[in-house]
Amino acid sequence: MKVTLRIRRFNPEHDARPYWAEYIIKDVAPTDRVLDLLHHVKWYIDGTLALRRSCAHGICGSDAMRINNLNQLACKALVKDLVKGDHGTIQVEPILGLRVIKDLIVDMEPFFEHYRSVMPFFVNDNPPPDGEFLQTPEQRARFDDTTKCILCAACTTSCPSFWANGTYVGPAAIVQAHRFIFDSRDTAAQERLAVLSQEDGVWRCRTIFNCTTACPRDIEVTKAIAEVKNAINRGGVD
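Right, let's walk through the structure included here. For every chain, the first residue of the written sequence is number 1, and numbering continues from 1 onward in sequence order. It should be noted that, the model being predicted, local features are given only for residues of pLDDT at least 70 and side-chain atom pairs only at 80 or more, the latter also being counted only at that level, while totals for whole chains, interfaces and linings use all residues. Side-chain figures throughout are based on the complete set of non-hydrogen atoms in the structure, without hydrogens or water.

Quick word on the side chain of Lys229
Phase 1 of the analysis: A run of DSSP states H or I qualifies as a helix once it reaches four residues; a run of E qualifies as a strand once it reaches two. Both are numbered from the N-terminal end. Mapped onto the elements of the fold, Lys229 is located in helix 8 (residues 221–234).
Phase 2 of the analysis: Partly exposed describes any residue whose relative accessible area lies between the buried limit of under 20% and the exposed limit of over 50%, with all areas from a 1.4 Å probe on protein chains only and scaled to the type maximum. His residues and chain termini do not enter the charge count, which takes Lys and Arg as positive and Asp and Glu as negative. Here a salt bridge means any side-chain nitrogen of Lys or Arg lying within 4 Å of a carboxyl oxygen belonging to Asp or Glu. Lacking a salt bridge, the buried Lys229 has Glu227 as its closest oppositely charged neighbour, with an N-O distance of 13 Å.
Phase 3 of the analysis: Contacts of Lys229, omitting those with residues within four sequence positions, involve Val202, Trp203, Cys205 and Thr207. What makes two residues a contact is simply this: any of their non-hydrogen atoms within 4.5 Å.

Quick look at the structure:
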């Protein structure tokens, strides 16, 4: 199989604006990943290409990018799902809504600033029990889905509300808040709900479902956001 890899490139040190560069890669296997193609370009064709990746197994979330106009992890996107036949084009560009540092690398600091704002850590100042903090299976299941987030930013940068207003806390931060708001062992639910009640909090969500579609971990992001909204309306977690 032959693939034309079309990459949106930009180096602010010498480029006035982004541009598209195309690279033809031969002998591509259907089970190759987009990350494999990007590695081929960087290692054998153009070493100036800049991208993020670490584990290459869908766990670290560092290689989130737009592939054929959809947010995906390059290490999970298979050529066979993107190209039909013996020759096709795969388009790759940086995720939207964050400043491009170079090529496929964006400035993640605004994303992590929103993440930090929701207190994404366990809070319980009560005297510790003699043994473990216990939960029933039902209590654990209440927030199990949102423990799977890998902070790849695929959901947040697929959200039109975030594109329109970068001060919106975004789906990923709400998912992280959800994980602790509904944890029966945590005692800071009201503080997180207060943060998410603010102007740039959960109410900027327009329930478009882009975030759920984009999540590489299959988290029901829009459902989690709705549950946080309901908790705010009820005045707390029941």
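Looking at the pattern of salt bridges
Phase 1 of the analysis: As enumerated under the stated definition, the model contains 16 salt bridges in all.
Phase 2 of the analysis: Between Lys148 and Asp145 there is a salt bridge whose closest N-O contact spans 2.9 Å.
Phase 3 of the analysis: Taken together, the salt bridges that share partners define one network made up of Arg9, Asp46 and Asp103.

Notes on the state of the cysteines
Phase 1 of the analysis: Whenever a pair of cysteine sulfur atoms sits within 2.5 Å, that pair is classed as a disulfide. Across all of its chains, the model carries zero disulfides by this definition.
Phase 2 of the analysis: Of the cysteine sulfurs around Cys75, a residue in no disulfide, the closest is that of Cys55, at 5.6 Å.
Phase 3 of the analysis: Judged by its relative accessible area of 8%, Cys75 falls in the buried class.
Phase 4 of the analysis: Take Cys205: it sits in no disulfide, and the sulfur closest to it among the cysteines is that of Cys211, at 6.2 Å.
Phase 5 of the analysis: Residue Cys205 is classed as buried on the basis of its relative accessible area, which comes to 11%.

A look at the packing of aromatic side chains
Phase 1 of the analysis: Pairing of aromatic rings covers Phe, Tyr and Trp, the last through its six-membered ring, and needs centres within 6.5 Å; plane angles under 30 degrees mean stacked, over 60 mean edge-to-face, and all others mean tilted. Under the criterion given, the structure shown has three aromatic pairs.
Phase 2 of the analysis: Seen from their ring centres, Phe112 and Tyr115 are 6.1 Å apart, and the 80° between their planes marks the pair as edge-to-face. Residue Phe112 and its partner Tyr115 are both found in helix 2 (residues 109–117); the two are separated by three residues, about one turn of the helix.
Phase 3 of the analysis: Here the aromatic rings of Phe122 and Phe133 are separated by 6.1 Å at their centres, their planes lie at 70°, and the arrangement is edge-to-face. Taken together, the residues Phe122 in the loop between helix 2 and helix 3 (137–141) and Phe133 in the loop between helix 2 and helix 3 connect sequence positions 11 residues apart.
Phase 4 of the analysis: Residue classification places Phe122 among the partly exposed residues on the basis of a relative accessible area of 37%.

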